[in-house]
Amino acid sequence: MTDRKISSLVKAVVFGTATVSVPLSDLEAMDLTAKITKGTLSLYDYQLTNGDEPIEFTIKNKKMTIGRAHLKGEGTDIAITGGFADSKADLKLDGTASLDILKSPGRVSFSTGTAKLQATVKGPLDNPQLNGTALIEKGEFRWGTLPSLMDINGTMTFDGNGINADGLRAKIATGEVVFGGNVLVDLEEFKRSTYDLTATGRSMVVGYPEGFQSKIDADLTLTGPIMTPTLGGTVNVISATYLKRFETDAAAIFGLTGGPDTSLAPPVVQGQDEEGATLTTDVHIVAPRSSLHIDSGSGTHLEGGGFLDYKAQGDRASLLGRIEIDRGFVTWISNKFVLQSATIGFDDPARIEPNFSVSATVRPHAPGTTFDVGVNISGPRSKHNLNLSAAP
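These numbers were taken from a predicted model, which means no experiment stands behind them. (Residues numbered from 1 in each chain as written. Predicted model: local features only at pLDDT ≥ 70, side-chain atom pairs only at ≥ 80, totals over all residues. Heavy atoms only, no water.)

### A word on the overall build of the protein
When helices and strands are counted, the protein shows zero helices and 24 strands. Within the protein, counting contacts between residues at least 6 apart in sequence, those at least 24 apart form 42% of the total. On the protein, roughly 21,300 Å² of surface is accessible, and the fraction owed to carbon and sulfur atoms is 55%. (Helix = DSSP H or I, 4+ residues; strand = E, 2+ residues; numbered from the N terminus. Contact = heavy atoms within 4.5 Å. Areas by Shrake-Rupley, 256 points an atom, 1.4 Å probe, with all protein chains shown as cover.)

### Quick word on the pairing of strand β16 (residues 212-225)
Bridge count for strand β15 (residues 194-206) against β16 is eleven bridges, and the pairing is antiparallel. Residue pairing for β16: methionine 204 is matched across the bridge by isoleucine 216. Counting the residues between successive antiparallel strands, the hairpin from β15 to β16 contains five residues, one of them, glycine 211, with a positive phi of roughly 90 degrees. Of the strand pairs in this sheet, β16 and strand β17 (residues 230-242) are connected by twelve bridges, and their pairing is antiparallel. (Pairing = 2+ DSSP bridges.)

### A closer look at the pairing of strand β4 (residues 46-49)
Side chains Tyr46 and Leu48 project from β4 onto a buried face, and the interleaved Gln47 and Thr49 project onto a face without burial. Bridge count for strand β3 (residues 31-43) against β4 is four bridges, and the pairing is antiparallel. Across the sheet, the residue bridging to leucine 41 is leucine 48, located in β4. Between the end of β3 and the start of β4, which pair antiparallel, lie two residues, with tyrosine 44 showing a positive phi angle near 55 degrees. (Buried < 20%, exposed > 50% of the residue type's maximum accessible area, 1.4 Å probe, protein only.)

### Topic: the environment of alanine 390
Along the chain, alanine 390 falls in strand β24 (residues 385-391). Along the chain, alanine 390 and valine 373 lie 17 residues apart, while their C-alpha atoms are 4.4 Å from each other. Those residues in contact with alanine 390, other than ones at most four positions away along the chain, are Asp372 and Val373.

### Quick word on the confidence of the model for the protein
Mean pLDDT over the protein: 83, with 85% of residues reaching 70 or higher. Confidence drops under pLDDT 50 across residues 258-263; counting only partners more than four residues distant or on other chains, this segment forms eight contacts. (pLDDT = per-residue confidence, 0-100.)

### Some words on the packing of aromatic side chains
Tallied over the entire structure, the rule returns zero aromatic pairs. Over the aromatic face of phenylalanine 329 sits the side chain of lysine 336, whose NZ or CZ is 4.3 Å from the ring centroid. (Phe/Tyr/Trp six-rings, centres within 6.5 Å; stacked < 30°, edge-to-face > 60°. Lys NZ or Arg CZ within 6 Å of the ring centre and 35° of its normal.)

### Quick word on the environment of phenylalanine 329
In this fold, phenylalanine 329 is placed in strand β20 (residues 316-332). With relative accessibility at 21%, the residue phenylalanine 329 sits in the partly exposed group. For the pair phenylalanine 329 and leucine 302, spaced 27 residues apart in the sequence, the C-alpha separation amounts to 6.3 Å. Dropping the residues within four chain positions of it, phenylalanine 329 is found in contact with Ser298, Gly299, Thr300, His301, Leu302, Lys336, Phe337 and Val338.

### Examining the side chain of serine 148
Inspection of the secondary structure puts serine 148 in the loop between β11 (129-143) and β12 (149-159). Sequence-distant contacts of serine 148, defined by excluding residues within four places in its chain, comprise Glu140, Phe141, Arg142, Lys171 and Ile172.

### Considering the pattern of salt bridges
Going through the model one piece at a time under the given rule, you end up with eight salt bridges. Among the salt bridges present, the one from lysine 116 reaches glutamate 137, with a minimum N-O distance of 3.8 Å. Of this pair, lysine 116 sits in strand β10 (residues 108-124) while glutamate 137 sits in strand β11; the two residues are 21 residues apart in sequence, bridging distant segments of the chain. Exposure remark for glutamate 137: the relative accessible area of 29% places this residue in the partly exposed category. (Salt bridge = Lys/Arg side-chain N within 4 Å of Asp/Glu carboxyl O.)

### Notes on unusual backbone geometry
One non-glycine residue, aspartate 86, lies in the positive phi region at around 50 degrees. Examined against the element boundaries, aspartate 86 turns out to sit in the loop between β8 (76-85) and β9 (88-98). Unlike most non-glycine residues, serine 290 shows phi in positive territory, near 65 degrees. Among the structural elements, serine 290 can be located in strand β18 (residues 280-295). Classification of serine 290 by relative accessible area gives buried; the value is 17%.

Quick look at the structure:
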């Protein structure tokens, strides 16, 4: 039995037999015939085994030749042929791999689909080159609680130690996503691999912020070391409509009452897992004037826009920028509050804390009397100021 941790991410356990013949006059002229009757290769919770077929290989005249080798897992069956000689690899991989192998605790929460693999591994054993293709079919992938990528299809190309994603397409809801760029894979130590990927999405529908249905365009990048990548880019809001009905307290619309405001909290993207991987996020969000809509029956209508910069690393996050309400009104206890101006600012780089500046007028229902009341609300949610004025 051999139990070996190939890297911090991959572990192999094998059982088998081997016959060795070595002439005393030439210790390097070893002949070896080996049979692995039971082998397991683990990546997180996904396991590959040899199934019911033993893995067989021989070493003779300093040349290793694979007689039979299949790696099998749920949805995976890959045949490996070839071998190595003079410290140079010459291997061929052919078969189908399940995308379930991409799942990892704290990062990839969901992954399905298949990849039809045709590839070779050639070159010096300390720096082999991976070449070939992987045809992705009916894939689905989700990182943390970010929107799922669905209907992933296309061909990824292996060129040397790089994986090119230019042939991949996917969808978020009904919006198309086009991928590009490369992943540079270090076959000797996977943690040294790096991302240089792009994703361009158009007319994607996402449920963010909480309670909204948003249609967006996005130009995103994933760059840097595979264990400390950075997700960056720009999200342009085409439209965002609030889907829920408001309760009777109008102040809750601006987050001035009740418990902690989670409506603008970003989707959960696990910052660090047990292997030490950390994702840094730096995304700019742009919502043009009147692209944000809040409607709650006939009593509430608000339109606005703004810009936000979301930055996060590990368990630390910040949201900077502002949202401006262009026009609108809110009805509370049969009184119509007409907004004169309203701004929600995010100015604290240490935490996500909205700061309100709201000015509105209302003509209360009072028998035999007509007067206007000015309402001004300012300050953070946790400590806001309320000022009233009346005329005449």
